[in-house]
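Examining the three-dimensional arrangement
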Amino acid sequence: FTDPQALGFGSGEEARWQAVADALKQLDPAPRVFWVEPGMHETWGESSQNLGAAPPRASTSVVHAGEPVILHVQVRNSGVKAVERADVVMKLDGETHASQRLSLQPGAQALARFACQFPDAGPHRVSFQVQADEDLLAEDNTVLHAVKAERRLPVLLVDGNLTPEPLHNESDLARNALNPPPIGAEMNTPYAIQVVSPPELHRITQWRKKFSAIVFLNVFEPDEALINRLEQYVGSGGGLLLVLGERTGKDYYNKYLYRDGRGLLPCELLSKGGDEANLEKFEIPQIHAASHPALSALGREEAQFDHVRIYAWQRVKVPKHLSETSTVLKLGPSGDPLLL
């Protein structure tokens, strides 16, 4: 057991850890349990020194083969001595890729950044090792990470009002947003997009093997069989984005997709906001969570949200337990969520 602050080993926790002790006693063969308190002044004195590394984060939520990506790994000095030379060594598929030197004061954290590319699509092994002159617990100095590089991310757009006229349906606009023109350059874009209508979606099998994400664009009322398949798809790791519009019925979506918090929708739908007929009154998207991965595709500040005008939107009731963590974009001045 290490890092006792994670769950608490002090007063009031005896029952919790007695249950752990009872469970350990029942194991066969009986384990040997070691108590390690790294970096604690009372235990190790002035010579205490302990570094540790946290799991890395990527600069983009989808890593594409051949495209540059930044991997961030956080290093913490839990000891009582300053560390002037801590080398973070990154290995890619077993080969040393780069290293970065950090200096950390006691209790301080520092971020190491590594630029890299994954040449081939598929799984890759990445490791980060923090090297210092001395360390009481070297075991937490190494972080192993798996990265799946995508050649082109397969995305299915389900258009609730698919029409042959160009740029008069949601899927054409979404396709241009994901893979901007020029037309004919699709092979060099990050997404492999397929567009279907809701009836055509019923005839497609093995969603999880074929698509990394499914986007519902203003779909009227998906039937229960379709919703069941969507729940299985999301439960197996598939991504789902529900884009609401004038065709999405509030009562139906609340009953079958929200289901009192047990369905695919994260929140209850309320009445519509805004007035499409009044072009003098509009709201503007405002970034609420700048570090969220969803905004990397929107370019953050470069997306020029101050030029966007929203005349009508679907108001939602965000549950209290999600109110501080789920909203990425808001509308101003109303404060209504735009993207959850």
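Described in the following lines is the structure provided in the data block. On a predicted model such as this, the values are computed, not experimentally measured, just so you know. Counting of residues starts from 1 at the beginning of each chain's written sequence and follows it residue by residue. Where local features are concerned, this predicted model is filtered to residues with pLDDT of at least 70; where side-chain atom pairs are given and counted, the filter is 80 or more; whole-chain, interface and lining totals use all residues. Side-chain descriptors were evaluated using all non-hydrogen atoms of the structure, hydrogens and water having been removed beforehand.

Whether two strands pair depends on DSSP finding at least two bridges between them. Elements are defined by DSSP. Helices are runs of H or I of four residues or more, strands are runs of E of two residues or more, and each kind is numbered from the N terminus. With antiparallel pairing, 3 strands are arranged side by side in an open sheet as S14-S16-S17. One side of each edge strand has no neighbouring strand; the edge strands of this open sheet are strand S14 (284-287) and strand S17 (337-339). Pairs of neighbouring strands in the sheet enclose a mean axial angle of 45°, with direction left out of account. In this sheet, S17 lies alongside strand S16 (residues 329-332) in antiparallel orientation, the contact comprising 2 bridges. Bridge assignment links Lys330 to a residue of S17, and that residue is Pro337. The axes are straight lines fitted to the C-alpha atoms, using for helices just the contacting stretch, and the angles between their N-to-C directions are given from 0 to 180°.

Further remarks concern unusual backbone geometry. Working note: non-glycine residues mostly have negative phi, and peptide bonds are mostly trans. In this chain, Asp28 is followed by Pro29 through a cis amide linkage whose omega measures 5°. Tracing the chain through its elements places Pro29 in the loop between helix H1 (14-25) and helix H2 (41-44). Going from Gly332 to Pro333, the amide bond is cis rather than trans, its omega being 15°. Positive phi, close to 50°, is recorded for Gln206, a residue that is not glycine. By the element assignment, Gln206 lies in the loop between helix H4 (198-202) and helix H5 (207-210). Look at Arg259: it is not a glycine, yet its phi comes out positive at around 50°.

What follows is about the sheet that holds strand S7 (residues 122-131). The strand order S5-S4-S7-S8 describes an open sheet built from 4 strands, whose pairing is antiparallel. Each edge of the open sheet carries a strand with a single partner, namely strand S5 (95-104) and strand S8 (142-149). Across this sheet, the average inter-strand angle for adjacent strands is 20°, counted without regard to direction. Bridge analysis of strand S4 (residues 83-92) against S7 gives 6 bridges, and the strand direction is antiparallel. For Val88, the partnering residue across the bridge sits in S7 and is Val130.

This next bit is on the side chain of Ser197. Within the secondary structure, Ser197 is located in the loop between strand S10 (191-196) and H4. Note on classification: 1.4 Å probe, protein chains only; a residue is buried when its accessible area is under 20% of the maximum for its type, exposed when over 50%, partly exposed between these limits. Of the residues examined, Ser197 reaches a relative accessible area of 15% and is grouped as buried.

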